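Observations on chain architecture
So you can see what is in the structure, the chains are spelled out below.
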Amino acid sequence: QVQLVESGGGLVQTGGSLRLSCSASGRTFGTYAMGWFRQAPGKEREFVAFINWSGDNTVYAESVKGRFTISREDAKNTVYLQMNSLKPEDTAVYYCAARAAGSTYYYADSRYNYWGQGTQVTVSS
């Protein structure tokens, strides 16, 4: 069992930056691949970024490529999402998620076993 807690959301102006953190419980965090998803009001949840268990493979949605960076620090059981050059369309609740094995269909939320409660990111224009 893994419990995930996101933090770091808030209100920021267009062009600003935020760093989201996702802290995980459990001694097996290093064996999990991690993803970030987001859900804007009235929209379905969408994939944002993925990092594999070893941290040497990352994938991003086209909409955030070049602006967002996912990373992990296994010694702290934490995965991060550095978000730069934020746009109003990035406004959403951001969720981190963990999957026990594999990297296939990294964009599919159904492939993830554990989810955090989400943190709100609001980008003002």
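Here the structure is a predicted model, which means the values were calculated and not measured.

Moving on to the nonpolar core. Counting 38 residues, the largest nonpolar core has Leu4, Met34, Trp36, Leu81, Met83 and Tyr94 as the members making the most contacts within it. Counting residues per element, the ones that place at least two in this core are strand 3 (18–24), strand 4 (33–39), strand 5 (46–51), strand 6 (58–60), strand 7 (68–73), strand 8 (78–83), strand 9 (92–99) and strand 11 (119–124). When sequence neighbours within four positions are dropped, the list of residues in contact with leucine 4 reads Cys22, Ser23, Ala24, Met34, Cys96, Ala97, Ala98, Tyr114, Trp115, Gly116 and Gln117.

Although it is not a glycine, asparagine 77 adopts a positive phi angle of roughly 50°. Structurally, asparagine 77 is set in the loop between strand 7 and strand 8. Of note in this structure, serine 85 is not a glycine but carries a positive phi near 50°. Position of serine 85 among the secondary structure elements: in the loop between strand 8 and strand 9.

Another aspect to go through is the state of the cysteines. Evaluation of the coordinates by the stated rule reveals 1 disulfide. Covalently, cysteine 22 is tied to cysteine 96 through a disulfide, its sulfur atoms 1.9 Å apart. Across the S-S bond of cysteine 22 and cysteine 96 the torsion is about 50°, and the bridge reads as right-handed. Taken together, the residues span a long stretch of sequence, with cysteine 22 in strand 3 and cysteine 96 in strand 9 at a distance of 74 residues. On the accessibility criterion, cysteine 22 (0% relative accessible area) is buried.

Among the structural elements, leucine 4 can be located in strand 1 (residues 4–7). In this structure leucine 4 comes out as buried when scored by relative accessible area, which is 7%. Placed 20 residues apart in sequence, leucine 4 and alanine 24 show a C-alpha to C-alpha distance of 4.6 Å.

Conventions adopted
- Chains are numbered independently. Their residues run from 1 in the order of the written sequence.
- Reporting in this predicted model follows two pLDDT cut-offs: at least 70 for local features of residues, and 80 or more for side-chain atom pairs to be given and counted; totals over whole chains, interfaces and linings ignore these cut-offs and use all residues.
- Based on all heavy atoms of the structure, the side-chain values leave hydrogens and waters out of the count.
- Side-chain atoms within 4.5 Å are what join buried Ala, Val, Leu, Ile, Met, Phe, Trp, Tyr and Cys residues into a set we call a nonpolar core.
- Exposure categories follow from relative accessible area, calculated using a 1.4 Å probe and restricted to protein chains: below 20% of the type maximum is buried, above 50% is exposed, and the middle band is partly exposed.
- Helical segments are the DSSP runs of H or I of at least four residues, strand segments are the runs of E of at least two, and each set is numbered from the N terminus.
- Whether two residues are in contact is decided by their heavy atoms, any of which lying within 4.5 Å being enough.
- Any two cysteine sulfur atoms lying within 2.5 Å of each other are counted as a disulfide.

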